[in-house]
Amino acid sequence: MKIEDIKILIVDDEEIVRESLSEWFREDGYKVDTASDAVEALNKLNETRWDIYFLDIKMPGMDGMELHRRIREIDREALVIMITAYASVDTAVQALKEGAFDYVTKPFDPDHLSNLLRNAAKHSQLTRENLGLKGTLEELTRPPQIIGVSKHIQDLKDLIATVAKTATTVMIRGESGTGKELVAQAIHAQSNRRFFPMVSVNCGAISETLLESELFGHEKGAFTGALYRRKGKLEIADGGTLFLDEIGTIDMKTQVDLLRAIERKEFTRLGGNETIKSDFRIICATNTNLEASVKRGDFREDLYYRLQVYTIQIEPLRQRTEDIPELVNFFIQKYRDKMSKPVKGITGDALQMLTRCAWPGNVRELENAIERAMVVSKGERLVQKDFSLNQAQDVETVSAGLSLEEVEKKHLLRVLESTRWNISQSAKILGIDRVTIYKKLKKFGIDRPENA
Amino acid sequence: MPDLQVVVHHADHGSHIEPILNSISDITGYRATLVFEVIDLDPFLEPQRAQYNAADLISLYEARLTSAKSVLITDVDLFIPIFTHVFGLAKLGGQLAAVSLHRLMPEYYGLPPDPQWLQARLKKEIIHEFGHLVNLRHCNQYYCVMASSNTADDLDIKSDRFCPDCRYLIPR
């Protein structure tokens, strides 16, 4: 913002002050207007926005102090400089406490006034710039889209909005591919921490020794290969959110350290003595049965309860098939833009076929299927044939050279796994009753898994 | 070449002006001439401040002078009611400006008299106020004579020349 863009309003009942000051500021290139009393000033404030106000404290009618309060109610970013005589410096100091930028005493020292205005103009420029950047950041940190029309997705969005405003630890549970990280991103983006980093760690993808260093950081020489001091993810996430994916896979030692770090919000780097403080919020996710891990003694009970403060359960896609059409459209749009392909939609047959699929890999699998179909598609709409590759794979798993009994066992298991061992739902899919399923399980010697 | 009158009301002040007249003409592109006028400053004295009101002085004498742009030089301390002092004063696009020697003299700051230093400051201040008379505003280029100067140090830092942009705006 240039000087010519800064607008100044001078409010003083003395004409000589208004004229002299406005002439002085105009010579410096500012846009200046004047008002002889508070009412005129408020009218001018309604017409346009001013960056800097010079307000005389003593004016007939509404005085400068009251006018200052009114201006701040209307425009909190405006900079107000109070004009005062030596006798009313105390009042000017009171104005500073109420948020005025500064005050000047009459008569003004030209050098002092010039510096004051320069500082105010700089402050105003920075404030505007800051607002602009915040706006850009808001754009960048806009919550990710959670697609779906089902009641579950609507409830999920409500839950996210509710929990985002708090600093509570959140546990997100759901099968692989259901979008646990997306939910974590949505919580972070809607929270007050959104301008700070969201740091993700996939605990399952990092070896035990490395995970400790990854989370807590290390000092130079802490272990072989630690050539430099390195900040850990807990430290990087200061002010923001730490997303720990596959939390169920971390080892006992790291569990103890993590519990202490979560409770005290402080820790030390590996090989270091310095206590690092960090204000992070934990969101974690798992697709395993943590309760069973606690029972087996693989996962600390105290850490489990510390992380389990608020749980969000994401249903698998097969239990909310009404979301599939909207997801399909979303992914078609996404890949149409990425691939610059003229695909506009999907045929009814193809969509029906997709709705009937069990999608054990959930939304991720659906997205991959759409991406693959988009690659091979030649028309304006995706057709069943575009998805043939996926179907061929499906057919292969059940049509290999197996005996009828083996096929039956394999298919039964597949359906049970796809419903997370929901017997009623599996019976419905297979077209048999629940008792028959139990009989077949006994016949094939299949036990219900612990985490089902 | 249009005229620029440098008006003095005290014969002694002419000795400060004559050495810098040609340079002022070269820089402004206006023919600078020295003019003596009898001016009574007493009506502009503010006894409580022991200073003279520059705005009133300009208002009264602007109409009495010729149509040429003029800069009045005085040795009294000038002020306008809202400011503690001014080195000089001019209205944008006006006819008459006033410049005070009072705070330009090294003696004011406890230093020995230095006529050359005083003339260098005076030249900058005359050209600066002339700039306002031809509608120039303050310039952001620190070396430009139209840069704002609120202290004698500010005056010393800047040059006595217009930057290319300001120079371009001077009506010929």
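Residues numbered from 1 in each chain as written. Chains lettered and ligands numbered in written order. Predicted model: local features only at pLDDT ≥ 70, side-chain atom pairs only at ≥ 80, totals over all residues.

Enquirer: For this particular structure, what's the right way to read the overall build of chain A?
Expert: Regarding its fold elements, chain A presents 19 helices and 16 strands. Residue burial in chain A is summarised as follows: out of 452 residues, 32% are buried. Restricting the contact set of chain A to residue pairs at least 6 apart, pairs at least 24 apart contribute 70%. (Helix = DSSP H or I, 4+ residues; strand = E, 2+ residues; numbered from the N terminus. Buried ≥ 20, exposed ≤ 12 C-beta atoms within 10 Å, placed from the backbone. Contact = placed C-beta atoms within 7 Å.)

Enquirer: It is not clear to me how the confidence of the model for chain B should be interpreted in this structure. Could you clarify?
Expert: Atom-level detail of predicted coordinates should not be read off regions where pLDDT is low. All names here are of chain B. Put simply, chain B has an average pLDDT of 92, and 99% of its residues get 70 or more. Per-element confidence in chain B is highest for helix H3 (residues 115-133), whose mean pLDDT is 96, and lowest for helix H2 (residues 54-62), whose mean pLDDT is 91. Model confidence for the complex is summarised by a pTM of 0.53, with the ipTM given as 0.78. (pLDDT = per-residue confidence, 0-100.)

Enquirer: Quick question: what am I supposed to make of the interface of chain B and chain A here?
Expert: As a measure of interface size, the accessible area lost when the parts come together is often cited. Contacts between the two partners involve 14 residues from chain B, matched on the other side by 16 residues from chain A. Its residues assigned to classes, the side of chain B that touches chain A comprises six nonpolar, six polar and two charged. (Nonpolar A, V, L, I, M, F, W, Y, C, P; charged D, E, K, R; others polar.)

Enquirer: When you look at the nonpolar core in this model, what are you seeing that I'm missing?
Expert: Side chains of nonpolar character tend, in soluble globular proteins, to be buried together. Of all hydrophobic cores here, the largest spans 88 residues; its most connected members are A:Ile8, A:Val11, A:Tyr53, A:Ile81, A:Met82, B:Ala54 and B:Leu89. Not counting residues within four places of it along the chain, the set of residues in contact with A:Ile81 comprises A:Ile52, A:Tyr53, A:Phe54, A:Ala100, A:Phe101, A:Asp102, A:Tyr103, A:Val104, A:Leu116 and A:Ala120. With 40 residues, the next largest nonpolar core counts A:Ile172, A:Met198, A:Leu242 and A:Leu307 among its residues. (Core = buried A, V, L, I, M, F, W, Y, C linked by C-beta atoms within 7 Å.)

Enquirer: Where do I start with helix H1 (residues 14-28) of chain B in this structure?
Expert: In an α-helix, one turn spans 3.6 residues; hence positions three or four apart end up facing the same way. All names here are of chain B. Helix length check: H1, at 15 residues, gives a terminal C-alpha distance of 19 Å against a target of 21 Å (1.5 Å per residue), a fit within 8%. The axis of H1 is deflected most strongly, by about 45 degrees, at Ile 20. Of all the residues in H1, the buried ones are His 16, Ile 17, Ile 20, Ile 24, Ile 27 and Thr 28. Summarising the contacts, the buried residues of H1 are in contact with strand S1 (3-8), strand S2 (31-36), strand S5 (69-74) and H3. (Expected span 1.5 Å × (residues − 1). Bend = angle between axes of the 7 residues up to and from the residue.)

Enquirer: I keep staring at the packing of helix H2 (residues 38-47) of chain A against helix H3 (residues 64-74) of chain A and nothing clicks. Help me out?
Expert: The relative placement of two packed helices comes down to the angle between their axes together with the axis-to-axis distance. Residues and elements named next belong to chain A. Across the interface, H2 lies against H3 with an axial gap of 11 Å and an inter-helix angle of 10 degrees. Accordingly, the angle class assigned to the pair H2 and H3 is roughly parallel. Facing H2, whose interface residues are Ala 38, Ala 41, Leu 42 and Leu 45, H3 presents Glu 66, Leu 67, Arg 70, Ile 71 and Ile 74. Among the residues making up the contact of H2 with H3, the classes are represented as seven nonpolar, no polar and two charged. (Axes fitted to C-alpha atoms, helices over the stretch in contact; angles between N-to-C directions. Parallel < 35°, antiparallel > 145°, perpendicular 65-115°, else oblique.)

Enquirer: When you look at the pairing of strand S13 (residues 281-286) of chain A in this model, what are you seeing that I'm missing?
Expert: Residues and elements named next belong to chain A. Counting buried positions along S13 yields six of six residues, so the element is predominantly enclosed. Residues Arg 281, Ile 283 and Ala 285 of S13 are buried on one face, and the alternating residues Ile 282, Cys 284 and Thr 286, pointing to the opposite face, are buried as well. As paired strands, strand S6 (residues 170-174) and S13 are joined by four bridges and run parallel to one another. Residue Arg 173 lies in a different strand from S13, and its bridge partner there is Thr 286. (Pairing = 2+ DSSP bridges.)

Enquirer: How should I be thinking about the sheet that holds strand S10 (residues 241-245) of chain A in this particular structure?
Expert: In sheet architecture, strand pairing relies on hydrogen bonds along the backbone and comes in two forms, parallel and antiparallel. Residues and elements named next belong to chain A. If you walk across this open sheet you meet the five strands as S7-S10-S13-S6-S14, and the pairing is parallel. With one partner strand each, in any of the chains shown, strand S7 (198-202) and strand S14 (310-314) form the two edges of the open sheet. Strand-to-strand twist across the sheet, computed as the mean angle between neighbouring axes with direction ignored, equals 20 degrees. One ladder, built from five bridges, connects S6 with S14; its direction is parallel. By the bridge assignment for S14, Gly 174 is matched with Ile 314.

Enquirer: Help me understand unusual backbone geometry, please; the structure alone is not making it clear to me.
Expert: Working note: non-glycine residues mostly have negative phi, and peptide bonds are mostly trans. Cis geometry marks the peptide bond from A:Lys106 to A:Pro107; its omega dihedral reads -10 degrees. Within the secondary structure, A:Pro107 sits in the loop between strand S5 (102-105) and helix H5 (110-140). Located in the positive-phi region is A:Lys265, a residue other than glycine, with phi close to 55 degrees. Tracing the chain through its elements places A:Lys265 in the loop between helix H10 (252-264) and strand S11 (266-268). Judged by C-beta crowding, with 14 C-beta atoms within 10 Å, A:Lys265 ranks as partly exposed. You will see that B:Ala50, though not glycine, has its phi angle at about 55 degrees, which is positive. As for its position among the elements, B:Ala50 is in the loop between strand S3 (45-46) and strand S4 (51-53).

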